Amino acid sequence: MTEHRPCGCCGETVQLAPLFTKNGYVIVRCRVCGLQYVNQLPAPAQLRAIYGEEFFHVGRKFSGDPASAGLIKARHRVEAVRRLSGVGRRRWLDVGCATGDFLVCAASVVDEVSGVELSAFAVEKARERDLDVTTDDFLQAGVSSAAFDVVSMWDYVEHVPDPAANLKKAYDVLQPGGYRALIPGDVDSLLARLAGRFWHLMIPPRHLYFFSPVTIRRLVTAAGLDLVQIGRPGKRVPLDFAAWKLATMTLPGLSAPVVQTCERLGLGRVAPSVNLFDIMTVYARKLA
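What this report covers is the structure whose coordinates are included nearby.

What counts, and at which threshold
Residues numbered from 1 in each chain as written. Predicted model: local features only at pLDDT ≥ 70, side-chain atom pairs only at ≥ 80, totals over all residues. Heavy atoms only, no water. Helix = DSSP H or I, 4+ residues; strand = E, 2+ residues; numbered from the N terminus. Rg over C-alpha atoms; globule rule 2.2 N^0.38 Å. Buried < 20%, exposed > 50% of the residue type's maximum accessible area, 1.4 Å probe, protein only. Contact = heavy atoms within 4.5 Å. Pairing = 2+ DSSP bridges. Phe/Tyr/Trp six-rings, centres within 6.5 Å; stacked < 30°, edge-to-face > 60°. Lys NZ or Arg CZ within 6 Å of the ring centre and 35° of its normal. Salt bridge = Lys/Arg side-chain N within 4 Å of Asp/Glu carboxyl O. Right-handed = clockwise from strand over helix to strand, strands pointing away. Axes fitted to C-alpha atoms, helices over the stretch in contact; angles between N-to-C directions. Patch = residues over 30% accessible without salt bridge, like charges linked within 9 Å, V, L, I, M, F, W, Y side chains within 5 Å. Areas by Shrake-Rupley, 256 points an atom, 1.4 Å probe, with all protein chains shown as cover. Disulfide = S-S within 2.5 Å.

Quick notes on the overall build of the protein
Summing up its helical and strand segments, the protein has nine helices and 13 strands in all. Over its C-alpha trace the protein gives a radius of gyration of 18 Å, about what one expects of a compact globule, namely 19 Å for 288 residues. Once the C-alpha set of the protein is aligned to its principal axes, its extents read approximately 55 × 50 × 35 Å. Sorting the 288 residues of the protein into buried and exposed places 51% on the buried side. Nonlocal contacts in the protein, meaning residues at least 24 apart in sequence, comprise 68% of its contacts between residues at least 6 apart.

Right, here's the structure in full:
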């Protein structure tokens with residue numbers, strides 16, 4: 001009998017079932033809470049290698065162009081956070097901030113913005129934009145307790161080896177009344193259930209956990225936060241990024257030529273709004 005890694009949501013060690021293998025990683029489902037996750041975590045050095053320079057050279061997604069989908073999406077996220085009841089605008093922290101699109105947009109409405117990012121390459125690009133970004137694992141980063149009005153974790157918790165610990169640290173660094181925001185995929189969505197191992201977000205080892213509304217609620221409340229809202233607003237997706245992702249899922253050897261072709265055709269400048277209803281936007285609050 002194969003021994004499985006304990007559930008990262010409820011801690012279950014026995015009622016764990018393998019579902020399938022994807023990219024050489026066994027995906028396990030906890031029969032108690034429903035969390036799905038990779039059975040074998042990549043080594044820290046392997047995780048850092050995943051988020052090297054090549055990761056940020058997929059079409060125009062991280063270009064920083066004012067008309068890029070990344071900045072348009074970041075502006076929408078800033079506005080959504082600003083609409084939260086009683087949200088403060090003194091200090092915001094973006095965890096897993098990549099090259100800094102969200103921080104650039106937030107800087108115009110917040111007194112002080114800063115970020116934490118594992119990728120040294122992405123941090124270098126963020127600092128070229130005069131942003132205050134630390135190169136580190138969030139769990140190891142020296143961040144002041146009870147210091148921030150908002151801690152955002154866009155496209156983050158599915159990538160890290162220990163989501164529960166990251167959410168607990170977010171609680172620690174939030175001021176009372178502060179908000180935490182994140183955007184994970186929904187493995188219980190209709191599309192994910194129909195697609196199974198072929199779901200576009202089932203991409204280990206880049207994604208290590210696959211959440212549902214039930215498991216996200218459980219993790220959020222276990223971290224001491226009050227769940228405020230789970231929504232599915234959709235987002236803008238550049239056509240070059242969509243083409244690259246499709247290639248990596250079907251014919252990985254063609255992903256580089258696909259990106260080059262998209263660049264020649266200018267498809268990165270076309271970013272329709274897409275909503276497959278399989279991505280959650282989650283807001284939670286640290287009660288005063």
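Overview of the sheet that holds strand β3 (residues 36-38)
Sheet architecture is open: four strands sit in the order β1-β2-β3-β9, paired in antiparallel fashion. The two strands at the open ends of the sheet, each matched to only one other strand, are β1 (16-22) and β9 (209-210). Note: β3 against β9, two bridges, orientation antiparallel. Bridging from a neighbouring strand, Q36 pairs with F210 of β9.

Structural notes on the packing of aromatic side chains
Tallied over the entire structure, the rule returns seven aromatic pairs. Relative to F55, the ring of Y51 lies with its centre 5.0 Å away and its plane at 80 degrees, an arrangement referred to as edge-to-face. Take Y51: its relative accessible area is 10%, and that puts it in the buried class. Note on W92 and F102: the rings are 6.2 Å apart at their centroids and 15 degrees apart in plane angle, and the pair reads as stacked. Placement of the pair is W92 in strand β4 (residues 91-95) and F102 in helix α3 (residues 101-106), with a sequence separation of 10 residues. This pair shows no difference in class: W92 is buried, exactly as F102 is. One aromatic cluster is present, built from ring pairs that chain together Y51, F55, F56 and F121. For the cation-ring pair, R91 lies above F148, with the distance from its terminal atom to the ring centre recorded as 4.5 Å.

Things to note about the environment of A80
Mapped onto the fold, A80 is located in helix α2 (residues 69-82). A80 gets classed as buried once you look at its relative accessible area, which sits at 18%. Along the backbone, A80 and R91 are 11 residues apart, and their C-alpha atoms lie at a distance of 16 Å.

Regarding the pattern of salt bridges
Scanning the model with the defined rule gives seven salt bridges in all. A salt bridge links R82 to E79; the shortest N-O distance between them is 3.1 Å. Of this pair, R82 and E79 both sit in helix α2, three residues apart, roughly one helical turn. The class for R82 is partly exposed, based on a relative accessible area of 26%.

Things to note about the pairing of strand β8 (residues 174-182)
Counting buried residues along β8, seven of its nine residues qualify, which places the element largely inside the surrounding structure. Here strand β7 (residues 148-153) pairs with β8 via five bridges, running parallel. Paired with F148 across the strands is L174, a residue of β8. Crossover β7 to β8 through helix α5 (residues 163-173) is right-handed. Inspection of the sheet shows β8 paired to strand β13 (residues 281-285) by four bridges, in the antiparallel sense.

Looking at helix α4 (residues 120-127)
All buried positions along α4 are accounted for by F121, A122, V123 and A126. Of the surrounding secondary structure, the elements contacted by the buried residues of α4 are β5 (112-117) and β6 (133-135).

Re the sheet that holds β8
Ordered by their spatial adjacency, seven strands build an open sheet running β6-β5-β4-β7-β8-β13-β10, and the pairing between neighbours is mixed. Either end of the sheet is taken by a strand with one partner, and the two such strands are β6 and β10 (226-231). For this sheet the average axis-to-axis angle between neighbouring strands, irrespective of direction, equals 15 degrees. Docked against the sheet, α5 engages β4, β7 and β8, running at close to 145 degrees with respect to β8.

Points about a nonpolar patch on the surface
A cluster of nonpolar residues, L191, V274 and L276, forms a patch on the protein surface that exposes about 210 Å² of accessible area. Mapped onto the secondary structure, L191 falls in helix α6 (residues 190-195). For L191, a relative accessible area of 32% gives the class partly exposed.

Examining the state of the cysteines
On inspection of all chains with the given rule, the structure shows zero disulfides. In this structure C33 is not part of a disulfide, and its nearest cysteine sulfur, from C7, lies 3.5 Å away.

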